[in-house]
2 protein chains.
Amino acid sequence: MASNIRINGPRLFSTLMDLGSIGATPEGGCRRMALTDEDRLGRNWLAARMRDLKLDVRVDAVGNIVGILKGQEEGPAVIVGSHIDTVGTGGRYDGALGVIAGLELMATLRDLGLTPKRDLALIAFTNEEGARFHPDMLGSVVWAGAKSPEQVYAERDAEGFVLGEELEKIGYKGAEKPGFLKARAYFELHIEQGPVLEQEGFGIGAVTGVQAITWLEFTFTGQPNHGGTTPMKYRKDAGLAAARVNLFAHEVTQRIEGQLANMGVIRVEPGNVNVVPETVICTLDLRNPVDALLDKAEAEIRAYAQDIAEKAGVGLAIRDLARFPSQPFDERLIARVEQAAKAHGHSVRRIVSGAGHDAQMMATLCPTAMIFVPSIGGLSHNPKEFSTEADIIAGANVLAEIAWEEANA
Amino acid sequence: MASNIRINGPRLFSTLMDLGSIGATPEGGCRRMALTDEDRLGRNWLAARMRDLKLDVRVDAVGNIVGILKGQEEGPAVIVGSHIDTVGTGGRYDGALGVIAGLELMATLRDLGLTPKRDLALIAFTNEEGARFHPDMLGSVVWAGAKSPEQVYAERDAEGFVLGEELEKIGYKGAEKPGFLKARAYFELHIEQGPVLEQEGFGIGAVTGVQAITWLEFTFTGQPNHGGTTPMKYRKDAGLAAARVNLFAHEVTQRIEGQLANMGVIRVEPGNVNVVPETVICTLDLRNPVDALLDKAEAEIRAYAQDIAEKAGVGLAIRDLARFPSQPFDERLIARVEQAAKAHGHSVRRIVSGAGHDAQMMATLCPTAMIFVPSIGGLSHNPKEFSTEADIIAGANVLAEIAWEEANA
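Owing to the predicted nature of the structure, the values given are computational and were not obtained by experimental measurement. Counting restarts for each chain, with residues numbered from 1 along the sequence as it is written. Lettering for chains starts from A, numbering for ligands starts from 1, and both go in the order in which the items are written. For this predicted model, a pLDDT threshold of at least 70 governs which residues receive local features, and a threshold of 80 or more governs which side-chain atom pairs are given and counted, while totals over whole chains, interfaces and linings are taken from all residues. By convention in this description, side-chain values take in all heavy atoms of the structure and omit both hydrogens and water.

Quick look at the packing of helix α10 (residues 331–343) of chain A against helix α12 (residues 389–407) of chain A now. Residue and element names in this part refer to chain A. At a minimum axis separation of 9 Å, α10 and α12 run at an interaxial angle of 130 degrees. Considering the angle they form, α10 stands oblique to α12. Two packed elements cross with a definite hand, and for α10 against α12 that hand is right-handed. Only Val398, Glu401, Ile402, Glu405 and Glu406 of α12 make contact with α10, whose side of the interface consists of Arg332, Leu333, Arg336, Val337, Ala340 and Ala341. Nonpolar residues are Ala, Val, Leu, Ile, Met, Phe, Trp, Tyr, Cys and Pro. Charged residues are Asp, Glu, Lys and Arg, and all others, Gly as well, are polar. Taken together, the residues that form the contact of α10 with α12 break down as six nonpolar, no polar and five charged. For helices, the fitted axis covers only the stretch in contact; all axes are lines through C-alpha atoms, and the angles between them, taken along N-to-C directions, range from 0 to 180 degrees. Helix numbering and strand numbering both begin at the N terminus, where a helix is a DSSP run of H or I of at least 4 residues and a strand a DSSP run of E of at least 2. Each angle is binned into one of four classes, with values under 35 degrees roughly parallel, values over 145 roughly antiparallel, values of 65 to 115 roughly perpendicular, and all other values oblique. Here a crossing is called left-handed whenever its near helix is offset anticlockwise from the far helix by less than a right angle, and right-handed whenever the offset is clockwise. It only takes one pair of heavy atoms within 4.5 Å for two residues to be counted as in contact.

Here is the structure:
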């Protein structure tokens, strides 16, 4: 299928760098955490750009910013979007790319004097990263109706600041009801945040869906005996139990297809060289594209941890921190991403998203697809996160083509 | 041999509890870490008690506090001592018992109007625990000439505070040269800090020596990749490497006779649920009564860690935190502890000390012995550490008898 729309690549890139300058860090990254002053400045900048393009700008009750380009007919809109909040040690691409590519699509249509048949909208969702408030993907979770605004208003950040108050403080507790704009399709362009496309030499990823995620927190409780005077057989070592669970979880990833496991947090009390660890709090981030396989991995790890704790004379409590089922995207739209990428001369492969995205919440409302571009070195949530200008422009052109087509279908 | 000296048991116990009230914690333990304000208050209290007993109180360049009861003749002194610093989660007995028993010996001699033939001295050594500054046994290490004051002044605690400055700040950088008082013998009463005496039903331990100790610090350096988007094969997980070393060290304890191992410190950066651990700093406390076996265990663990790090693509630096060879005590004095214990009607067994003690440094200078009393439940470095009043008084009477005898030999 021939492509009709070509975005302005240099303008896209320069607009992306403009947004990246808000909250820029000395390491070349970006810190624009949700509902902070930097986020407010980023939002003001974005809303101003939307108004420059004569979009109808609306803000909903959880701060999602919606810019609508009215179509020729009434009815559900084609929506593109992502988020502009970052983690504490973020880069300039994660989230921002999808929003700026949507903005560039709007600018291109204005340049060409084109009005789509259907409404075309751009959304920047609130607090996607979950780095400041729980849950992550908060804006799209509320947009999709999985939580109410009132439920999330009560959320507190690590310092005790309340989400509802922070939203008001920055002036983004809007009048619209989340989900007010009905969607016929949703598209999101994003960096891969992993090494696969680069390692395998692909320019575009046609994302088939988001894998299932479970976050578990283990608290092992042993006995803080002296490391020099207590015979090994009398020890109740919480750290050794945690180490065994870490190794077992990795062993499970070798056996269960597609299974990922990461013990990212390990906190030891009292934490002295010569004291047997009394309390260890550690976490496992478990993911699998197939829900049943994730359930199997999780069940095996829970059973192993209980068994190990019992044998070691160590107490164990397991807490659920987060849980999202897998979310497949729309097969027709995934195929359209592949076709469009090929038509533009790019190599493309299907890929499962390892990370969560607003698209997985939108997929519960309407046919959805995502487009990935390579992350150099697979770096993510890192000031050194980087994607090439050529890959970014390629991805934005694929987004523009399929969004424009769907808006005229 | 008949015993001439009986200390005042109730006074000993009440004085021990007085010291324990300085830095007392809500759990019933004590937190009086070296060169903190609590340590300063404990030192001031101790020096005042020494002066009450008309001892000649001196402080050396690393803060060791020496109280001398002048004998009838010139010449080397009989020294008793221990330490009054605690770990962060310490109890009221570890260290304090040996110092307070020495103080009670002095008080008993004053009560009886007795002056020994030789000088009799009590020393409270600085920073024995090593919980704040390295190395542990710092005060006796310098006293024995194994390090110079200047070497240890430069030591920093975890927050960057410098030992030399902290010593001045609390007013205990004294004028005396460490080791200024020549010793003819050294005795130290201490809690066992392990379960053996209680488990086997002995009242007194005649300590034959201290086992060899090596403390290693491992820094594993991986890559902080995204825990959801990075395939397992591309991860460089510093936490997993540390867990493997922990398990291997425990496996070594099952193979090498008398070998102990403890990974007491595990610190993970960045420490986020969904970020692969980039940096893990962890420690191993390795002990064995036989130097050659400890060397073998250490060599195996170092080789394994290097191998594991290489296979995991993770950087590794290993740092020596502490290293003490095994230190046998004086055979004649060990036998005297046994005889005195029996003469007082107590059951006694020979025992190797699992923990390091100031006595092992003193043993490089003069004939040395230690007396252990049972630790109930084997608890140590724990607010619940406990020894019975009867056992404590028994141990203090054995100490008093042999010290008094040696001071009159």
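From this point on, the discussion continues.
As a further point, take the relation of the copies chain B and chain A. The two copies are related by a screw operation: chain B maps onto chain A through 178 degrees of rotation and 1.6 Å of translation along the axis, at an RMSD of 1.7 Å. Such values leave the two copies arranged in the relation of a two-fold axis. Residue Ala243(B), judged by its C-alpha, is the member of chain B lying nearest the rotation axis, at 2.4 Å. A high fraction, 96%, of the interface residues of chain B reappear at the interface in chain A, so the copies pair face to face through one surface. Copy-to-copy superposition: least squares on the C-alpha atoms, limited to residues that have pLDDT of at least 70 in both copies.

A few words now on the domain arrangement of chain A. All names here are of chain A. Each domain span listed reflects an automatic or database assignment of domains. In terms of domain boundaries, chain A breaks down into domain 1 (9–210 + 327–407) and domain 2 (212–324). Counting residues at the interface gives eight residues for domain 1 and five residues for domain 2. Simply put, the buried area is the total loss of 1.4 Å probe accessible area from both parts when two parts are fitted together. Summed over both partners, the interface of domain 1 with domain 2 buries about 470 Å², with 64% contributed by carbon and sulfur atoms. When a carboxyl oxygen of Asp or Glu lies within 4 Å of a side-chain nitrogen of Lys or Arg, that pair is called a salt bridge. At the junction of domain 1 with domain 2, the criterion picks out zero salt bridges. A 3.5 Å cut-off defines polar contacts: any pair of N or O atoms within that distance qualifies, except that in protein one atom must be a possible hydrogen donor and the other a possible acceptor, and neighbouring residues in sequence count only when both atoms are side-chain atoms. The interface formed by domain 1 and domain 2 contains one residue pair in polar contact (both at pLDDT 80 or more). Grouping the amino acids of the side of domain 1 that touches domain 2 by side-chain chemistry returns four nonpolar, three polar and one charged.

Residue and element names in this part refer to chain A. In terms of residue burial, strand β3 (residues 77–83) counts as a mostly covered element, since seven of its seven residues are buried. Note on exposure labels: buried denotes an accessible area under 20% of the residue type's maximum, exposed denotes more than 50%, and partly exposed covers the range between, all computed with a 1.4 Å probe on protein chains only. Side-chain alternation along β3 places Ala77, Ile79, Gly81 and His83 on one buried face and Val78, Val80 and Ser82 on a second face that is also buried. Where β3 and strand β4 (residues 120–125) come together, six bridges link them in parallel fashion. In the sheet register, Ser82 faces β4, and the bridge partner there is Ala124. Pairing between strands is defined by DSSP: at least two bridges between them are needed.

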